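Chain and residue survey
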Amino acid sequence: PGLPTGEALHGVMAKCTKPVKTGRHAVSLCPTSFPSMLSVAATFSKELFEEIGAVIGMEARALRNLGAGGQLALWSPDINLFRDPRWGRGQEVPGEDPLLTSMFIQRVASGMQSGEDPRYMQAICTPKHFLAYDIEDNEPVGRVAFTANVSQRDLVSYYLPAGRAAAPIAKGTMCSYNAIDINDGNGAIPSCGNDLMMNQ
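Conventions and cut-offs
Residues numbered from 1 in each chain as written. Predicted model: local features only at pLDDT ≥ 70, side-chain atom pairs only at ≥ 80, totals over all residues. Heavy atoms only, no water. Helix = DSSP H or I, 4+ residues; strand = E, 2+ residues; numbered from the N terminus. Core = buried A, V, L, I, M, F, W, Y, C linked by side-chain atoms within 4.5 Å. Buried < 20%, exposed > 50% of the residue type's maximum accessible area, 1.4 Å probe, protein only. Contact = heavy atoms within 4.5 Å. Pairing = 2+ DSSP bridges. Salt bridge = Lys/Arg side-chain N within 4 Å of Asp/Glu carboxyl O.

**Overview of unusual backbone geometry**
Serine 76 connects to proline 77 through a cis peptide bond whose omega is -10°. Among the secondary structure elements, proline 77 is positioned in the loop between strand 4 (73-75) and helix 3 (98-113). Here the residue pair lysine 128 and histidine 129 is connected by a cis peptide bond, since its omega of -5° sits within 30 degrees of zero. For phenylalanine 44, which is not a glycine, the phi torsion comes out positive at approximately 55°.

Quick look at the structure:
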């Protein structure tokens with residue numbers, strides 16, 4: 001309760017701090033803004049993914065420590081896949097490949113949460129949006145109130161690997177805005193209330 005949350009899709013979303021006195025010095029912090037994750041993932045560099053996560057976590061913690069309102073539960077990374085170029089959030093994600101996206105998520109999450117002292121977490125990685133949010137062909141309701149009709153095959157081979165990669169590492173998960181119908185006879189169930197997706 002009361003844990004500050006915020007975006008960190010390509011760096012901590014925060015304004016530069018005003019100079020803050022720390023001993024004899026005044027320190028200000030402008031969080032790093034990284035390139036779009038689509039560009040970063042194109043490097044296929046596990047080390048780079050982890051370093052970016054570490055910088056995001058460290059800057060979030062530093063902003064908090066400086067009293068600049070830094071967020072500690074970060075909605076990042078975006079685990080959706082860029083399957084349809086019409087989807088409006090493609091610049092947030094690592095791409096369309098489940099394997100690359102899974103590797104990306106694991107490394108960013110690990111870097112974001114692991115600080116210098118293993119007793120403390122730098123920040124809480126909260127991947128988003130679980131599940132099947134990246135479908136754009138859903139007019140007239142838009143990308144917030146639609147039902148994703150997902151086949152069992154797509155569910156297992158395409159949508160779940162990224163969530164499965166994040167689950168053992170990330171300390172949080174943000175469910176998607178949409179409902180999901182996996183054609184199992186249960187009909188459309190909103191993601192946040194979907195027991196099968198959230199708990200099983």
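**Things to note about the nonpolar core**
Val40, Phe49, Ile56, Leu74, Phe104 and Met112 are the most contacted members of the largest nonpolar core, which has 23 residues in total. Counting residues per element, this core draws most heavily on helix 3, which supplies 6 residues. Look past the residues within four positions of isoleucine 56 in its chain and what remains in contact with it is Ala8, Gly11, Val12, Phe34, Leu74 and Met112. Formed by 21 residues, the second largest nonpolar core is a distinct cluster that contains Trp87, Phe130, Tyr133 and Tyr159.

**With respect to the sheet that holds strand 4**
One open sheet accounts for 3 strands, arranged 1-4-5; its pairing is parallel. Each edge of the open sheet carries a strand with a single partner, namely strand 1 (5-7) and strand 5 (124-125).

**Focus on the pattern of salt bridges**
Overall, the coordinates contain 5 salt bridges when judged by the stated rule. Two residues, aspartate 154 and arginine 83, come together in a salt bridge whose shortest N-O distance is 3.2 Å. Highlighted residues: aspartate 154 in helix 4 (residues 152-166) and arginine 83 in the loop between strand 4 and helix 3, separated in sequence by 71 residues. Accessibility expressed as a relative area gives 23% for aspartate 154, which makes it partly exposed. Arginine 83 sits in the partly exposed class, given a relative accessible area of 39%. The salt bridge involving arginine 89 is made with glutamate 92; its shortest N-O contact spans 3.1 Å.

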